[in-house]
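The residues making up each chain are set out below.
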Amino acid sequence: MQDTFEVNRTSRKMLSSYFENYTLEQLNKIPEGFSNNLIWNLGHIIVTQQLLVYKLSGLPMVVSDEMVEKYRKGTKPEHDVTQAEVDEIKALLLKSVDQLETDYNNGIFVNYQEYPTSTGYILKSAKGAIEFNNFHEGLHIGIMMSIRKFI
């Protein structure tokens, strides 16, 4: 699993550059033809990891219910996020991976509620969810690379 966490950490470090390279206005901009923006994708990546791994394991998440409601699957940006919200997402981006690795290594993921993903793949364990999460994040990195061309 060490490689899986390193892949996740590498993609998250890549994503953290968006906070340095784009203004608040650019992070919030939804280009024509898109249904979301850069900051929504960043929040969605964090929330999805928490839902797929922690919630389906019956464990507490590090994200608030409010954050889940804003960024879970099926949502879209309803308003521009504030700088404080951007700062919270930025802090959670790397912290959530570090916490996940620690929790996994400490063996806290005992139970898991099977979950069929929208891709048709069925998650059957926290380990599988962590591995699938890297694929999910890769999809959103691709979307973000497209969005950045139009902002």
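Naming follows an unreviewed UniProt entry, where the chain appears as DinB family protein of Flavobacterium taihuense.

## Quick look at the packing of aromatic side chains
Under the counting rule described, the total for this entry stands at 6 aromatic pairs. Their ring planes at 70 degrees and their centres at 5.2 Å tell us that Tyr 54 and Phe 109 sit as a pair that is edge-to-face. You can see Tyr 54 sitting in helix α3 (residues 38-54) and its partner Phe 109 sitting in the loop between α5 (83-105) and β1 (115-116), a full 55 residues away along the chain. Residue classification places Phe 109 among the buried positions, given a relative accessible area of 14%. Aromatic rings pair up to connect Tyr 121, Phe 132 and Phe 135 into one cluster.

## With respect to the nonpolar core
Core analysis: the largest hydrophobic core is formed by 24 residues, its most contacted members being Leu 15, Ile 39, Leu 42, Met 67 and Ile 89. Listing elements by their share of this core, those giving two or more residues are α1 (2-21), α3, α4 (65-71), α5 and α6 (126-147). The element best represented in this core is α3, accounting for 7 residues. If near-sequence neighbours (up to four positions away) are discounted, Ile 39 is found in contact with Phe 19, Leu 27, Asn 28, Tyr 71, Val 81, Val 86 and Ile 89. Core analysis: the second largest hydrophobic core is formed by 13 residues, Leu 52, Leu 56, Leu 100 and Ala 129 among them.

## What to know about the environment of Lys 90
With respect to the helices and strands, Lys 90 occurs in helix α5. For Lys 90 and Glu 131, which are 41 residues apart along the polypeptide, the C-alpha to C-alpha distance reads 22 Å. Side chain to side chain, Lys 90 and Glu 20 meet in a polar contact 3.1 Å long.

## What about the side chain of Glu 137?
Considering the arrangement of structural elements, one finds Glu 137 in helix α6. Looking at Glu 137, its side chain comes within polar contact range of the side chain of Asn 8, at 2.9 Å. Among the polar contacts listed, one links the side chain of Glu 137 to the side chain of Ser 11, at a separation of 3.5 Å.

## Here's the deal with the layout of surface pockets
Each pocket or cavity is described by its volume, and for the largest pocket that value is around 440 Å³. Taken together, 17 residues make up the lining of the largest pocket; nearest its centre are Thr 48, Leu 52, Lys 73, Tyr 115 and His 136. Among the elements of the structure, α3 and α6 are those that each provide at least two residues to the lining of the largest pocket. Taken together, the residues that form the lining of the largest pocket break down as 7 nonpolar, 7 polar and 3 charged.

Quick notes on the rules
- Residues numbered from 1 in each chain as written.
- Predicted model: local features only at pLDDT ≥ 70, side-chain atom pairs only at ≥ 80, totals over all residues.
- Heavy atoms only, no water.
- Phe/Tyr/Trp six-rings, centres within 6.5 Å; stacked < 30°, edge-to-face > 60°.
- Helix = DSSP H or I, 4+ residues; strand = E, 2+ residues; numbered from the N terminus.
- Buried < 20%, exposed > 50% of the residue type's maximum accessible area, 1.4 Å probe, protein only.
- Core = buried A, V, L, I, M, F, W, Y, C linked by side-chain atoms within 4.5 Å.
- Contact = heavy atoms within 4.5 Å.
- Polar contact = N/O pair within 3.5 Å; in protein donor to acceptor, adjacent residues only side chain to side chain.
- 1 Å grid on protein atoms, 1.4 Å probe; cavity = no way out; pocket = protein on both sides within 12 Å on 5 of 7 lines; lining within 4 Å.
- Points joined across faces, edges and corners; volume = space filled by probe spheres on them.
- Nonpolar A, V, L, I, M, F, W, Y, C, P; charged D, E, K, R; others polar.

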